[in-house]
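Results of the structural survey
Each chain, written out:
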Amino acid sequence: MAQNYTTGFIANAGQMKATDGTLRSDLLFTTQVQGAKVFLTKTGINYVWYQSAIDTTLEKDSTYRMEVEFKNSNANVTVQSSDVQPSYSNYFIGNISAANVAEYGKITYKNLWPNIDLELTSAKSGLSYRYVLAKGANPGDIQLVYNGGKKFSNKSKVLDIDVAFGKQLKV
């Protein structure tokens with residue numbers, strides 16, 4: 001069962017694989033928030049919820065995925081990690097070994113759109129997003145496409161998204 005939060009973003013040191021076992025070098029960092037495993041890529045954020053058949057009346061395990069795509073963003077964006085956490089992870093998966101994999105408190109997408117950075121931090125309440133606009137930035141350049149999600153509502157500057165398994169994501 002996924003924990004509700006993590007201390008930070010775990011770097012991909014070769015331990016992240018697709019369901020067919022191939023390595024996923026496009027996944028840069030991962031964290032866990034609001035019951036979801038979260039994967040950061042250069043082009044967006046992927047949320048994956050997992051429900052075990054053991055914990056439910058389902059016949060088999062189920063997953064649900066929602067992708068947040070950075071529309072019309074910089075294809076050559078630089079993704080920087082900062083605020084190294086005191087914790088780290090070790091992975092021994094088949095023939096993959098990744099020791100002392102760092103965790104970070106903040107991830108910054110530098111110049112994701114012209115003169116706009118995106119800063120992410122992870123907390124118990126979920127991911128915290130902060131857009132940093134430099135001189136000449138156009139806030140209208142910030143465009144996100146949500147692939148997945150069942151119901152969207154906007155209350156008090158928070159986007160609530162109903163997702164699978166009766167869970168709700170607050171962005």
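Counting restarts for each chain, with residues numbered from 1 along the sequence as it is written. Local features in this predicted model are restricted to residues whose pLDDT is 70 or higher, and side-chain atom pairs enter the listing and the counts only when it is 80 or higher, whereas totals over whole chains, interfaces and linings include all residues. With hydrogens and water set aside, each side-chain value is computed from the structure's full complement of heavy atoms.

1. A few points about the overall build of the chain
Heads up, the rule is: What counts as a helix is a DSSP run of H or I of at least four residues, what counts as a strand is a run of E of at least two, and both are numbered from the N terminus. To sort residues, take the accessible area from a 1.4 Å probe on protein chains only and compare it with the maximum for the residue type: under 20% means buried, over 50% means exposed, and anything in between is partly exposed. Contact definition: two residues touch when any of their heavy atoms are within 4.5 Å. For every accessible area listed, the method is Shrake-Rupley and the probe measures 1.4 Å; residues are considered covered only by the protein chains on display.
Summing up its helical and strand segments, the chain has 0 helices and 13 strands in all. Sequence-ordered secondary structure for the chain, helices as α and strands as β, is β-β-β-β-β-β-β-β-β-β-β-β-β. By the burial criterion, 35% of the 171 residues in the chain qualify as buried. Residue pairs at least 24 apart in sequence account for 47% of intrachain contacts in the chain once pairs closer than 6 positions are excluded. Only carbon and sulfur atoms are counted for the fraction: they give 49% of the accessible area of the chain, which is about 9900 Å².

2. Quick look at unusual backbone geometry
With glycine set apart, most residues show a phi of negative sign, and most peptide bonds adopt trans. Positive phi values are uncommon outside glycine, yet Asn111 reaches one of about 55°. Residue Asn115 is not a glycine yet carries a positive backbone phi of 65°. Position of Asn115 among the secondary structure elements: in the loop between β7 (96-113) and β8 (116-123). Taking relative accessible area as the criterion, Asn115 reaches 35% and is therefore assigned partly exposed.

3. Concerning the pattern of salt bridges
Threshold: The salt bridge criterion pairs a side-chain nitrogen of Lys or Arg with a carboxyl oxygen of Asp or Glu, the two atoms within 4 Å.
With the rule as written, the count across this model stands at 5 salt bridges. Of the charged contacts in the structure, one is a salt bridge between Asp26 and Arg24, with a shortest N-O distance of 2.7 Å. Judged by relative accessible area, which is 39%, Asp26 ranks as partly exposed. By relative accessible area, Arg24 is classed as partly exposed at 27%. Overlapping salt bridges bring together Lys106, Glu119 and Arg130 as one network.

4. Things to note about the environment of Asn138
Along the chain, Asn138 falls in the loop between β9 (126-133) and β10 (144-147). Look at Asn138 and you get partly exposed, because its relative accessible area is 39%. It is 7.9 Å that separates the C-alpha atoms of Asn138 and Asn115, two residues lying 23 residues apart in sequence.

5. Observations regarding the nonpolar core
Threshold: Side-chain atoms within 4.5 Å link the members of a nonpolar core, which is a set of buried Ala, Val, Leu, Ile, Met, Phe, Trp, Tyr and Cys residues.
One finds Leu40, Ile45, Tyr47 and Tyr109 to be the most contacted residues of the largest nonpolar core, which totals 27 residues. Sorting the residues of this core by element identifies β1 (9-11), β2 (29-33), β3 (36-40), β4 (44-51), β5 (62-70), β7 and β8 as the ones contributing at least two each. By residue number, the principal contributor to this core is β7, which donates 7 residues.

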